[in-house]
Amino acid sequence: MARFDFDLFVIGAGSGGVRASRMSAALGARVAVAEERYLGGTCVNVGCIPKKLLTYAAHYADDFEDAAAYGWSVGERSFDWATLIANKDREIARLNTVYGKLLDDAGVQRIDARARITGPNSIEAGGKTYTFEHLLIATGGRPRMPEIPGIELAISSNEAFHLKELPRRVLVVGGGYIAVEFAGIFAGLGARVTQAHRGELFLRGFDDDIRRALCKEMEKRGIEVRFKKLMSRIERAGAALRTTFTDGSSIDSDQVLVAIGRAPNVTGLGLETIGVQVTPGGAIAVDDYSRSSRPCVYAIGDVTDRLNLTPVAIHEAMCFAKSVFGKTPTKIDHADVPSAVFSQPPIGAVGLTEAAARERCGELDVYLTSFKPLRHTLTGRDERTTMKLVVQRSTQRVVGAHMLGADAGEILQGVAIAVKMGATKAQFDATVGIHPTAAEEFVTMRTALARE
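Parameters and conventions
Residues numbered from 1 in each chain as written. Predicted model: local features only at pLDDT ≥ 70, side-chain atom pairs only at ≥ 80, totals over all residues. Heavy atoms only, no water. Helix = DSSP H or I, 4+ residues; strand = E, 2+ residues; numbered from the N terminus. Rg over C-alpha atoms; globule rule 2.2 N^0.38 Å. Buried < 20%, exposed > 50% of the residue type's maximum accessible area, 1.4 Å probe, protein only. Contact = heavy atoms within 4.5 Å. 1 Å grid on protein atoms, 1.4 Å probe; cavity = no way out; pocket = protein on both sides within 12 Å on 5 of 7 lines; lining within 4 Å. Points joined across faces, edges and corners; volume = space filled by probe spheres on them. Phe/Tyr/Trp six-rings, centres within 6.5 Å; stacked < 30°, edge-to-face > 60°. Lys NZ or Arg CZ within 6 Å of the ring centre and 35° of its normal. Core = buried A, V, L, I, M, F, W, Y, C linked by side-chain atoms within 4.5 Å. Pairing = 2+ DSSP bridges. Axes fitted to C-alpha atoms, helices over the stretch in contact; angles between N-to-C directions. Parallel < 35°, antiparallel > 145°, perpendicular 65-115°, else oblique. Left-handed = near helix turned anticlockwise from the far one by under 90°. Nonpolar A, V, L, I, M, F, W, Y, C, P; charged D, E, K, R; others polar. Expected span 1.5 Å × (residues − 1). Salt bridge = Lys/Arg side-chain N within 4 Å of Asp/Glu carboxyl O.

A.B. asks: Outline the overall build of the protein, supporting the account with residue identities and numerical values.
C.D. replies: Counting secondary structure elements, the protein contains 13 helices and 21 strands. Its C-alpha atoms give the protein a radius of gyration of 24 Å, within 12% of the compact-globule value 22 Å for 452 residues. Counting only residues that meet the buried cut, the protein has 50% of its 452 residues in that class. For the protein, contacts bridging at least 24 residues in sequence account for 63% of all contacts bridging at least 6.

A.B. asks: Outline the layout of surface pockets, listing residues and values.
C.D. replies: Estimates place the volume of the second largest pocket at around 820 Å³. Contributing to the lining of the second largest pocket are 33 residues, with Pro346, Arg375, Glu383, Ala406 and Asp407 lying nearest its centre. Every element with two or more residues in the lining of the second largest pocket is listed here: helix H3 (48-67) and helix H12 (408-421). Per-element accounting of the lining of the second largest pocket gives the leading share, 7 residues, to H3.

A.B. asks: An account of the packing of aromatic side chains is requested, with residue identities and associated values reported.
C.D. replies: For any two aromatic rings, the description comes down to two numbers: the centre-to-centre distance and the angle of the planes. For the structure shown, the criterion picks out 10 aromatic pairs. Arranged with centres 6.0 Å apart and planes meeting at 50°, the rings of Phe6 and Tyr130 form a pair that is tilted. Here Phe6 is found in strand E1 (residues 6-11), whereas its partner Tyr130 is found in strand E6 (residues 128-137), with 124 residues between them in sequence. We classify Phe6 as buried; its relative accessible area is 9%. With a centroid separation of 4.7 Å and an interplanar angle of 55°, the aromatic rings of Phe202 and Phe227 are classed as tilted. Residue Phe202 is found in the loop between strand E9 (192-197) and helix H7 (208-220), and its partner Phe227 is found in strand E10 (residues 224-227); the two are separated by 25 residues along the sequence. When its relative accessible area of 23% is taken as the criterion, Phe227 is described as partly exposed. When the ring centre of Tyr367 is taken as origin, the NZ or CZ atom of Lys425, which lies over that ring, is 4.2 Å away.

A.B. asks: Help me get a handle on the nonpolar core, residues and values and all.
C.D. replies: The biggest cluster of nonpolar side chains holds 41 residues, and the ones touching the most others in it are Phe182, Phe186, Val193, Leu203, Met218 and Ile347. No other element matches the 8 residues that helix H6 (residues 177-188) contributes to this core. Once you skip the residues sitting within four places of it in the chain, Ile347 turns out to touch Leu203, Phe206, Ile210, Leu214, Ser339, Ala340, Val341, Met403, Leu404 and Ala408.

A.B. asks: Any details on the pairing of strand E11 (residues 231-237)? Residues and values, ideally.
C.D. replies: Pairing of E11 with strand E12 (residues 240-245), which is carried by 6 bridges, proceeds in the antiparallel orientation. In the strand pairing of E12, Ile234 is matched with Thr243. What sits between the antiparallel neighbours E11 and E12 is a turn of 2 residues, in which Gly238 has the positive phi angle 70°.

A.B. asks: Lay out the side chain of Thr244 with the relevant residues and their values.
C.D. replies: Positionally, Thr244 belongs in strand E12. When residues no more than four places from it in sequence are discounted, the contact partners of Thr244 are Leu230, Met231, Ser232, Arg233, Glu235, Ser249 and Ser250.

A.B. asks: Mind laying out the packing of helix H1 (residues 15-26) against helix H4 (residues 81-105), listing which residues take part and the relevant values?
C.D. replies: Direction vectors running N to C along H1 and H4 enclose 25°, while the axes themselves pass 9 Å from each other. Between H1 and H4, the angle falls in the class roughly parallel. Like other packed secondary-structure pairs, H1 and H4 cross with a definite hand, here left-handed. For the pair formed by H1 and H4, the contact residues are Ser15, Val18, Ser21 and Arg22 on the first element and Tyr99, Leu102 and Leu103 on the second. Grouping the amino acids of the contact of H1 with H4 by side-chain chemistry returns 4 nonpolar, 2 polar and 1 charged.

A.B. asks: Describe H4, naming the residues involved and giving the relevant values.
C.D. replies: Compared with an ideal rise of 1.5 Å per residue, which puts 25 residues at 36 Å, H4 spans 36 Å between its outermost C-alpha atoms and is within 8% of the ideal. Along H4, the positions that sit buried rather than exposed are Trp81, Leu84, Ile85, Lys88, Ile92, Leu95, Tyr99, Gly100 and Leu103. A positive phi of about 85° marks Gly107, the residue just after H4.

A.B. asks: Let's hear about the sheet that holds E9: which residues, and what values?
C.D. replies: Read from one edge of the open sheet, 4 strands run E10-E9-E8-E14, paired in parallel fashion. Each edge of the open sheet carries a strand with a single partner, namely E10 and strand E14 (255-258). Along the sheet, successive strands turn relative to each other by an average axial angle of 20°, direction set aside. Pairing analysis gives 4 bridges linking strand E8 (residues 169-173) to E14, with the strands arranged parallel. Looking across to E14, one finds that Leu171 is bridged to Val256. This element, H6, spans E8, E9 and E14 of the sheet and lies at about 165° to E9.

A.B. asks: Break down the pattern of salt bridges for me, with residues and values.
C.D. replies: One pass over the full model with this rule turns up 39 salt bridges. The salt bridge partner of Arg114 is Glu36, with a shortest N-O separation of 2.6 Å. Remark: Glu36 occurs in the loop between strand E2 (31-34) and helix H2 (41-46) and Arg114 occurs in the loop between strand E3 (109-111) and strand E4 (115-119); sequence separation between them is 78 residues. Connected through salt bridges with shared partners, the residues Asp62, Asp63, Glu65, Asp66, Arg221, Arg375, Arg381 and Glu383 form a single ionic network.

The structure is reproduced here in structure tokens:
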């Protein structure tokens, strides 16, 4: 008779939790997963997938306008927010069903309830107590909201996906990728957008040349950007919402979207019951194998606040399953993980920024180009693509690649393979470009900047 009800109990059925559950079950483990909300987690429901769908919608305004330069006559057009949201909701519901079927087909027991740790090897969910040999926490993160007067009048990115109508004037507060992406979405769909950020520039952690270039492109699209602005309160001013900042200035809008970051979702899990250690920021502290301070408790994904990306959570899940049930200890590799920001235009990046590379790699050769895309030689649109390579001078290895421009995410995925493999600038140069594309610029940049 089995000593425990389950070999593995997973809390959270997001991308990481689902992958870990399925892989562990395939390796012979008896697995249960508890999820109190929706299958697929943040990414599927209020994150990457619906946000990318809204980004596609926002791009059509440019496409309709640019079509005339290519001989197309586009008649009267209008946008209906309710139709977009309904279609988006239908696709998310389909994905929820897909995730459920994946778990069922893998033989994973699903528990539609909130789970809480009650003892060293026990958990309560849905009014029942279960025992486990291993526990995996994959509860993700949640939007962080500042504690200021009137914050209840604002919305987070979660609510932005379920607005009944498109606001006429939107204030986006924050400088991370979520804030930048929603500013582009609302502006592209016709709203008047202001983005306010307490820092000096958006997207901390991305390359400075790319950050500056994006700011210029956002302003070209009519987004008003305001830096060094810290909210102090929100209040009603007639039909509007008035947001006041610590410098005394204020902005009136119809909707305030606050996107200042996310916090690990650990509230109410019962971590203190068995002494699972957390970091000062509230994340579950783990080692290179996702083990917590308790030998049988593991954590992956955003709840660990390591590198908060869906594909990273999936990678961590696979490493966990291999290590615990595949008898193949597998360390997590967070080096050279590519990422994208679906701003307008989008950003793609892999490896080190120039600033980070100067600290880690010493002397550099930096290659930077900015140009008008071929498409806009006919449209006349004032949009520029920026591309950059960061090369360690002593080894000539390409340690960073960055792009702002159409299809940046698609292009950087391929470049990321080369960077991950340790390709040199000479190997980039020896690669024949695909003409005419923007992507070929990554293999045709020949003159390094005079930067020291």
